Amino acid sequence: KKANEYWPLVLDVARRFTLARLIKCCTALGRSEGNLSAAQILYPLMQCTDIFFLKADICQLGVDQRKVNMLARDYCDAAGIKFKPIILSHHMLYGLKEGQAKMSKSDPDSAIFMEDSASEVERKILQAYCPREKNNNISTISNLRLIQDDLANPCLDYVRHIVFAPLRSPTFQAPDGKLYTSADQVENAFLMGELSENDLKRGLIDALNALLNPVRQHFENDPSARALVERVRSYKRTNNNNTPTKTKSFSVSSLEERRQALIRALAKGGDTIHNGFFKTSNARLDFNKPIRAVFAPPPKAAPCLQEALSLVEALHSSEYQCILVLADWSAIALDACSGEAKARDAAASLLAVVVTKLSAFFKFPIFGVVRQSDYILERPSSYWIDVINAGRALRLDDVVKATKQSAEPRTGPVVAALLRSADLAATCASSSPIDPINELAATLVSQVSFDTLKPTLNTRLQPLLTADEIANGLQDDSEDRDFFIFTDDKAAVKRKIKRAFCAPGDISFNPPLAYCEFLLTKNLVSTIAVKRPPENGGDKDYTDFAQLRADFASTALHPGDLKPALTIALQNTLFDVITSAIQAPGDKTAKTAHAAIKAMLKKIAKSKK
């Protein structure tokens, strides 16, 4: 019922930690670092989130959960939470076999269970490890001890922490009738040889069965309890079967359930994103026709025109019903806009406004726009089970590789990659632009998509780098000036083109030339009108990009003449469209988003001073 609160908190925890920090929690829970599935990092994330979601002040758990609990305290530091939860770590019983720091879920003989019969208790205890001398393997289990214990004897451990548990006043009776009134007495008698191993175990069997007999009577005499314990035993029998269970589908939801959830989410999109602007089609989705889901990149404080144009091209298809997906929850995990929710939502909304308007300008109308959170909240439990199933099927190392992170990978991008698998299922997509994350996700959802995911082309526009920036190897998002953004006015467009790298005669890497090609080949302008003095060749209108390119290569067209012509062409086409979309009369949402983006850019500029 509160999925809209819980899961964003999980994603916020994920964005704040390195993967190495999460892996420490996984290995503390008994997983081998080199053999982790991607799903196993979700466990500590969710357990950490539970503490804050439940508003717990004190966390009482076994000492094996200590690293996860400390993750919660570290999260307080990262998130600026003043009052940290108090961690109370409790003793863990040894497993009944040698070298077992605690019981093993895969080994039913490693512990005594509440539903064990008297004969099962006897068998397990009689075969239990019971040394009198120091355990040479103690180093493998000492990290789960609250006090030093060089013996690591599980039988003595049961005597101390179960038979002589606090709040009880028990005694321990050996088979010869001798009574012991403390765990220390029992341990000393055993170590001194006064109490044999068999007598210790027989006394422990009697004590455990005395504790369990009331429980057994309850499960035998109460019909509901009897049915419950039989159900638990049936699960154990199923789990002990080593034959893998083959599922018919990656998703736990039926195709019809996912389709209806998508329809409802699309209906929300127009109202919640942009005052109905995104209702570009009144038609109902036709599920006899394939769907292409195009995922918008993570929102940026400086939303990039190049990304918008790439999305427009990816959304252009007569074969598919094209849907633009704003992955707003994935953006949380990816730490988009430095975690500032207002700027993140504004950037996503502004991107959708611009893409929708540009698509209409190109006469490429799209079917609709949908927020990731909208279709998730239509079926939250099913969606997140799909995410977990994706993680169970993928090795963590493979997901990290697909995210193409640096030497110290973060947890957030890994979680966002798992969400993509569930997204492809949720959008019923049979096509999506191919990237490493989509390729990874597509391998898991082939049974629920209509056909194989197909690639799509992207625009070949280049960043507006200067010569110095190229020499220094700076990235295209290193500074605002390196690329066009939605908030650029005509003066900014002129300034950026003037600074852009455009070496005379160089057609191998030439951003202004690439923009001329885009404008002419997409028929956005009929001509690139070059204005120059007669002594420099005079005015010339280029209607064919091949001729413009040839003149530039031969130096008949100089960068100083090309750049002003391109400036006017861009100002009168793409940027006029963007400006009209943002300043549409009566549309407060777009203007508010635009203002939020400008405020964020000012904040970034101020922080760099």
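Before any of the text, the structure's been laid out above.
Residues numbered from 1 in each chain as written. Predicted model: local features only at pLDDT ≥ 70, side-chain atom pairs only at ≥ 80, totals over all residues. Heavy atoms only, no water.

Q: Explain the packing of aromatic side chains to me, please; I cannot follow it from the model alone.
A: Given two aromatic rings, one states the distance between the centres and the angle between the planes to describe the pair. Under the counting rule described, the total for this entry stands at 13 aromatic pairs. Taking 5.2 Å as the distance between ring centres and 85° as the angle between the ring planes, the aromatic pair formed by tyrosine 6 and phenylalanine 53 counts as edge-to-face. Placement of tyrosine 6 in helix α1 (residues 3-15) and of phenylalanine 53 in helix α3 (residues 42-53) is noted, with a sequence separation of 47 residues between them. Judged by relative accessible area, which is 11%, tyrosine 6 ranks as buried. Since its relative accessible area comes to 28%, phenylalanine 53 is described here as partly exposed. Pairing phenylalanine 484 with tyrosine 515 gives two aromatic rings, centres 5.3 Å apart and planes at 85°, and the pair type is edge-to-face. With a gap of 31 residues between them, phenylalanine 484 in the loop between α19 (467-472) and α20 (490-499) and tyrosine 515 in helix α21 (residues 511-521) connect regions that are remote in the sequence. Residue tyrosine 515 is classed as buried on the basis of its relative accessible area, which comes to 0%. Grouping aromatic residues by their ring pairs yields a cluster made of Tyr6, Trp7, Phe53, Tyr375, Tyr383 and Trp384. One cation-aromatic arrangement involves arginine 132 over phenylalanine 190; the distance from NZ or CZ to the ring centre is 4.2 Å. In this structure, arginine 420 packs its charged tip against the face of phenylalanine 295, placed 4.1 Å from the ring centre. (Phe/Tyr/Trp six-rings, centres within 6.5 Å; stacked < 30°, edge-to-face > 60°. Helix = DSSP H or I, 4+ residues; strand = E, 2+ residues; numbered from the N terminus. Buried < 20%, exposed > 50% of the residue type's maximum accessible area, 1.4 Å probe, protein only. Lys NZ or Arg CZ within 6 Å of the ring centre and 35° of its normal.)

Q: What is the right way to look at helix α16 (residues 396-403) in this model?
A: One turn of an α-helix holds 3.6 residues; hence residues three or four places apart share an orientation. Of the positions making up α16, those classed as buried are Leu396, Val399, Val400, Ala402 and Thr403. Buried residues of α16, seen end-on, are gathered within an arc of 160° and therefore sit on one face of the element. One or two steps after α16, the chain reaches lysine 404, where phi turns positive at roughly 50°. (Arc of directions from axis to C-beta.)

Q: Could you clarify how one ought to interpret the side chain of arginine 371 in this entry?
A: Structurally, the position occupied by arginine 371 is in strand β7 (residues 368-371). With no salt bridge to any partner, buried arginine 371 finds its closest opposite charge in aspartate 328, at an N-O distance of 4.1 Å. Of the polar contacts made by the side chain of arginine 371, one reaches the side chain of serine 349; its length is 3.0 Å. (Lys, Arg positive; Asp, Glu negative; His and termini not counted. Salt bridge = Lys/Arg side-chain N within 4 Å of Asp/Glu carboxyl O. Polar contact = N/O pair within 3.5 Å; in protein donor to acceptor, adjacent residues only side chain to side chain.)

Q: How do you make sense of the sheet that holds β7 when you look at a structure like this?
A: Two modes of strand pairing occur in sheets, parallel and antiparallel, and in both the strands are linked by backbone hydrogen bonds. Taken together, 3 strands build an open sheet; the order of strands is β5-β6-β7 and the sheet is parallel. The sheet is open, and its two borders are formed by β5 (291-295) and β7, each paired with just one other strand. Each adjacent strand pair in this sheet contributes to an overall mean axis angle of 30°, direction not counted. (Pairing = 2+ DSSP bridges. Axes fitted to C-alpha atoms, helices over the stretch in contact; angles between N-to-C directions.)

Q: Help me understand the pattern of salt bridges, please; the structure alone is not making it clear to me.
A: A side chain with one charge can pair with a side chain of the opposite charge if their charged atoms come near. Throughout the structure, instances matching the rule amount to 21 salt bridges. In this structure, the salt-bridge partner of arginine 15 is aspartate 335, at a minimum N-O distance of 2.5 Å. Of this pair, arginine 15 sits in helix α1 while aspartate 335 sits in the loop between α12 (328-333) and α13 (341-361), and the two are 320 residues apart along the sequence. According to the relative accessible area criterion, aspartate 335 is partly exposed, its value standing at 32%. The shortest N-O distance in the salt bridge between aspartate 74 and arginine 21 comes to 2.8 Å. With a gap of 53 residues between them, aspartate 74 in helix α4 (residues 66-79) and arginine 21 in helix α2 (residues 19-28) connect regions that are remote in the sequence. Counted as one network, the salt bridges with shared partners bring together Asp12, Arg15, Arg16 and Asp335.

Q: Explain the nonpolar core here, please?
A: Side chains of a nonpolar character, in soluble globular proteins, are inclined to be buried together. Core analysis: the biggest nonpolar cluster contains 76 residues, and Leu285, Tyr375, Tyr383, Trp384 and Leu396 have the highest contact counts within it. A total of 10 residues in this core trace back to one element, the largest contributor, which is helix α17 (residues 411-426). Contact partners of tyrosine 383, with chain neighbours within four places excluded, come to Gln372, Tyr375, Ile376, Leu419, Ala422, Asp423 and Ala426. Membership of the second largest hydrophobic core comes to 65 residues, among which are Leu326, Cys337, Ala352 and Met600. (Core = buried A, V, L, I, M, F, W, Y, C linked by side-chain atoms within 4.5 Å. Contact = heavy atoms within 4.5 Å.)

Q: Just to check I follow, could you spell out helix α24 (residues 574-582) for this structure?
A: The complete set of buried residues in α24 reads Leu574, Phe575, Val577, Ile578, Ala581 and Ile582. One side of α24 carries all its buried residues, which in axial view fall inside an arc of 155°. Where α24 is buried, its residues contact α11 (305-314), α13, α20, α21, α23 (559-571) and α25 (588-607).

Q: I would appreciate a short explanation of the packing of α3 against α4 in the present structure.
A: The packing of two helices is summarised by the inter-axis angle and the distance between the axes. Where α3 meets α4, the axes come as close as 9 Å, and the angle between the chain directions of the two elements is 60°. It follows from the interaxial angle that α3 and α4 lie oblique. Once α3 is placed against α4, the crossing between them reads as right-handed. The segment α3 lies against α4, with Pro44, Gln47, Cys48, Ile51 and Phe52 engaging Val68, Asn69, Leu71, Ala72, Tyr75 and Cys76. In the contact of α3 with α4, the residues fall into 9 nonpolar, 2 polar and no charged. (Parallel < 35°, antiparallel > 145°, perpendicular 65-115°, else oblique. Left-handed = near helix turned anticlockwise from the far one by under 90°. Nonpolar A, V, L, I, M, F, W, Y, C, P; charged D, E, K, R; others polar.)

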